[in-house]
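Analysis of the macromolecular model
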Amino acid sequence: MTRAAERGSSADAVECLSHGLLFDNLSQKQLAQLGAICSERFYRKGKAIFAEGEKAEGFFVVCSGRVKVYKVSFDGREQILHIFDAGNILGEVPVFAGSAYPAHAEALTDVKALFIPRNAFIGLLQEDSGLALAMLAVLSRKLRHFAALVESLSLKEVPGRLASYLLYLRERNPAADTVDLDLSKTQLAAVLGTIPETLSRIFSKMVAAGLIEMQGRSIHIKDREGLVALSQGEKPG
C-alpha cells in the first residue's frame, strides 16, 4: 500500500473532525481529544486505502477528496458499495469487532484523511459515553443505507435503480430540477450493478420518454412523477 502518513497539527485535525458526520455534536474538548490521537494520511488517486480482509487497526475520516468502497465478485466484476467524500467516516464498523475490513477502499481523487487508531479510540469511548452514542447513531444510519442498497440491487431492475439514484440526487437540492452526476458513467454503472453500455441505453430511453434531458453530466429532470413511477417498477417508454 502506497501512502504517506504523518502527525498533523492538532488544529488541522480538529477542523477536519468538526466536519465529520460522526462528530457533529461533540464539544471542542472532545474534538481536541480525538485530534490528539489522529494522524494525517495522504493518498494519490487510484491508491488503495485498505483492502478486504486486512485487519482493521483503525478507521478514517475523509478531510478532502473522494473514496470508493467496493467489493470484487468471483468473476472479477467490481461492485461499488458507496462513495465517500469530505466529512464521511469509513472503516469504523470492523474496528469495534476487532475484525477485518469487509471491502476494499480506493482513492477516486487525491485524498487527505485522518486515521484514528482502534486501541486509542476505544480508550476514549470508555472514558466518554457521548462518543459511543454518536457512533451508534452513525452506524444506525449506515445500516439503513445498506439495507436500502441491498433492496434496490436485489428487487429493482436497472432502470428503476437509475431512476432512484437521480431522485436521490434531486433530493439534495429539492428546489432545483437539474442535477449533476457526481460519478463517471463507469463508476455509476458499478454502483447500480450494471455495465456502462447498458447504462447509456437506459439514459437514452429516459430521454426518448421525455423523463430527462442530458447535457454532459448535467441532467434536467422534466418528469419527476415519471421517474418516481420508473423507480417503483414501471418500464421507460
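Here, every reference points to the structure presented above.
Since this is a predicted model, take the numbers as computed values, not measurements. (Residues numbered from 1 in each chain as written. Predicted model: local features only at pLDDT ≥ 70, side-chain atom pairs only at ≥ 80, totals over all residues. Heavy atoms only, no water.)

Each helix and strand counted, the protein chain has 9 helices and 12 strands in total. In the protein chain, which comprises 237 residues, the share counted as buried stands at 43%. Within the protein chain, residue pairs in contact and separated by at least 24 positions form 70% of the contacts whose partners lie at least 6 positions apart. Working note: accessible area of the protein chain is about 12300 Å², and carbon and sulfur atoms make up 53% of it. (Helix = DSSP H or I, 4+ residues; strand = E, 2+ residues; numbered from the N terminus. Buried < 20%, exposed > 50% of the residue type's maximum accessible area, 1.4 Å probe, protein only. Contact = heavy atoms within 4.5 Å. Areas by Shrake-Rupley, 256 points an atom, 1.4 Å probe, with all protein chains shown as cover.)

A few words now on the state of the cysteines. All told, the structure shown has 1 disulfide when counted by the stated rule. A disulfide bridge connects Cys 16 with Cys 63, and the sulfur atoms are separated by 2.0 Å. Disulfide Cys 16 to Cys 63: torsion about the S-S bond roughly -100°, handedness left-handed. In this pair, Cys 16 sits in helix 1 (residues 10-18) while Cys 63 sits in strand 4 (residues 58-64), placing the two residues 47 residues apart along the sequence. (Disulfide = S-S within 2.5 Å.)

This part takes up the sheet that holds strand 6 (residues 78-84). Taken in spatial order, the 4 strands of this open sheet run 3-8-5-6, and their pairing is antiparallel. Looking at strand neighbours, the two that pair on one side only are strand 3 (48-50) and strand 6, the edges of this open sheet. Strand after strand, the sheet turns through a mean of 35° between neighbouring axes, direction not considered. (Pairing = 2+ DSSP bridges. Axes fitted to C-alpha atoms, helices over the stretch in contact; angles between N-to-C directions.)

Next up on the list: the packing of helix 2 (residues 28-37) against helix 4 (residues 118-127). Running from N to C, helix 2 and helix 4 point in directions that differ by 160°, and their axes come no closer than 10 Å. When the axis of helix 2 is compared with that of helix 4, the two are roughly antiparallel. Considering how the two elements wind past one another, helix 2 and helix 4 form a crossing that is right-handed. Counting all contacts with helix 2, which are made through Gln 33, Leu 34 and Ile 37, the residues of helix 4 involved are Ala 120, Phe 121 and Leu 124. Considered class by class, the residues forming the contact of helix 2 with helix 4 number 5 nonpolar, 1 polar and no charged. (Parallel < 35°, antiparallel > 145°, perpendicular 65-115°, else oblique. Left-handed = near helix turned anticlockwise from the far one by under 90°. Nonpolar A, V, L, I, M, F, W, Y, C, P; charged D, E, K, R; others polar.)

Following both chains from N to C, one finds helix 1 and helix 2 inclined at 120°, their axes separated by 9 Å at the closest point. Judged on the interaxial angle alone, helix 2 and helix 1 are oblique. The chirality of how helix 1 crosses helix 2 is right-handed. Seen from helix 1, the contacting residues are Ala 13, Val 14, Leu 17 and Ser 18; seen from helix 2, they are Gln 28, Leu 31, Ala 32, Leu 34 and Gly 35.

Remember, this is a structural readout, not a statement about activity or role.
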